[in-house]
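Coordinates in review
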Amino acid sequence: MTHLSFKQRIEYFWDYYRFHALVIIFCIVFFCYFLSPLLAEKKHPLLSFAIIDSTQTAKDDSSALSDDLVTFLNGDIATDVISIDTSGGTYDSSSSSTIKLSILLSSVGENDIIICNKDLYEQYDKKGAFIDLNELSDTLSSEALSHVSGTACDLSSCSKWIAYGYTDYSPVYLCIPVSCEQPEQAAKAINYLFSGEVN
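Thresholds, definitions, all that
- Residues numbered from 1 in each chain as written.
- Predicted model: local features only at pLDDT ≥ 70, side-chain atom pairs only at ≥ 80, totals over all residues.
- Heavy atoms only, no water.
- Buried < 20%, exposed > 50% of the residue type's maximum accessible area, 1.4 Å probe, protein only.
- Helix = DSSP H or I, 4+ residues; strand = E, 2+ residues; numbered from the N terminus.
- Pairing = 2+ DSSP bridges.
- Core = buried A, V, L, I, M, F, W, Y, C linked by side-chain atoms within 4.5 Å.
- Contact = heavy atoms within 4.5 Å.
- Phe/Tyr/Trp six-rings, centres within 6.5 Å; stacked < 30°, edge-to-face > 60°.
- Lys NZ or Arg CZ within 6 Å of the ring centre and 35° of its normal.
- Arc of directions from axis to C-beta.
- Polar contact = N/O pair within 3.5 Å; in protein donor to acceptor, adjacent residues only side chain to side chain.
- Axes fitted to C-alpha atoms, helices over the stretch in contact; angles between N-to-C directions.
- Expected span 1.5 Å × (residues − 1).
- Lys, Arg positive; Asp, Glu negative; His and termini not counted.
- Salt bridge = Lys/Arg side-chain N within 4 Å of Asp/Glu carboxyl O.

Sheet faces and side chains relate simply in a regular strand, where the side chains alternate between the two faces. For strand β1 (residues 44–51), the tally of buried residues reaches six of eight residues, placing the bulk of the element in the interior. Here six bridges tie β1 to strand β2 (residues 80–85), and the two strands are oriented parallel to one another. Counted as the bridge partner of Pro45 is Val81 from β2. Examined bridge by bridge, β1 and strand β3 (residues 113–117) share three bridges and lie parallel to one another. Of the residues in β3, the one forming a bridge with Phe49 is Ile113.

A few words now on the nonpolar core. Within the largest apolar cluster, 37 residues are counted, with the highest numbers of intra-cluster contacts made by Phe49, Leu65, Ile82, Ile115, Leu155, Trp161 and Leu193. Looking at this core, the elements that each hand over two or more residues are β1, α3 (63–72), β2, β3, α7 (159–164), β6 (172–175) and α8 (183–194). Sort the elements by how many residues they give to this core and α8 lands first, with seven residues. In this structure Leu65 touches Phe49, Ile84, Trp161, Tyr164, Tyr166, Tyr192 and Leu193, once residues within four positions along its chain are discounted. Within the second largest apolar cluster, twelve residues are counted, among which are Ile52, Ile114, Leu120 and Tyr121.

Time to look at the packing of aromatic side chains. Under the defined criterion, the tally for this structure stands at nine aromatic pairs. Aromatic side chains Tyr164 and Tyr166 sit 5.4 Å apart centroid to centroid with 20° between the ring planes, which places their arrangement in the stacked category. According to the relative accessible area criterion, Tyr164 is buried, its value standing at 13%. In this structure, Lys127 packs its charged tip against the face of Tyr124, placed 4.7 Å from the ring centre.

On to the environment of Val70. Looking at where Val70 falls in the secondary structure, it is placed in helix α3. The exposure class of Val70 is buried, given its relative accessible area of 1%. Setting aside anything within four residues of it in sequence, one finds Val70 in contact with Leu46, Gly75, Asp76, Ile77, Asp80, Val81 and Ile82.

Turning next to helix α5 (residues 118–125). Those residues of α5 that sit buried are Leu120, Tyr121 and Tyr124. For α5, the arc enclosing every buried residue in end-on projection is 100°, short of the 170-degree limit, so these residues lie on one face. N-capping of α5 is provided by Asn117, with a side-chain oxygen placed 3.3 Å from the backbone N of Asp119.

The subject of this paragraph is the sheet that holds β3. Strands sit in the order β2-β1-β3-β6-β5-β4 across an open sheet of six strands; the sheet is mixed. Either end of the sheet is taken by a strand with one partner, and the two such strands are β2 and β4 (148–149). With four bridges joining them, β3 and β6 adopt antiparallel strand pairing. Across the sheet, the residue bridging to Ile114 is Cys175, located in β6. Each of β1 and β2 is contacted by α3, which is oriented at about 140° to β2, the strand it contacts most.

On to α8. Taking 1.5 Å of rise per residue, twelve residues should cover 16 Å, and α8 covers 17 Å from first to last C-alpha, within 8% of that figure. Within α8, ten of the twelve residues are buried, leaving the element largely enclosed by the surrounding structure. Looking only at α8, the buried set comprises Pro183, Gln185, Ala186, Ala187, Ala189, Ile190, Asn191, Tyr192, Leu193 and Phe194. One or two residues past the end of α8 sits Gly196, with phi positive at roughly 85°.

One can find Asp112 in the loop between α4 (95–105) and β3. No salt bridge is formed by the buried Asp112. Its closest oppositely charged neighbour is Lys188, at 13 Å. In terms of polar contacts, Asp112 uses its side chain to reach the side chain of Gln182, at 3.5 Å. Residues within four places of Asp112 in sequence aside, it is in contact with Leu47, Ser48, Cys175, Ile176, Pro177, Cys180, Glu181, Gln182 and Ala186.

And the structure:
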């Protein structure tokens, strides 16, 4: 092998080690392209919202509420996130939409806060889908408590909620589903929405 020229060495390598080289190149490309995004720093979810029948504004960009809540909850915008799902709607009566809505509002849903209209609220409240917000009276501010009625918090007159423009119906109810894993954190989000409100 030492007596071979450079070109002959390349030909020798390609003839005998072509398969090995291709496998190594494939593995490097695979790991760089497919696994590096998975290994990248993931954001830590602080809360998850579902806004039912949201406006196009919310569907296009709900980062204003997300960023404001992350800051209010003493999170880090670089590593923490508030997840906001605006895909649920009552206007579409297809079976897939109805199933998605049922999952969003059921006890198996992963949302900490649900924002919906009165009809939908009443439909799922009868099924026991939401926790009584009065149980969180130690965490909720007096401004927020003044808008709480049982399992719902009325956002219809909440100036911050109106300013975001994420819903265009009234009344607007905020509820915490029984499946919520961090109700105190959700109560703090309610406090944020009513911070600065005058009773």
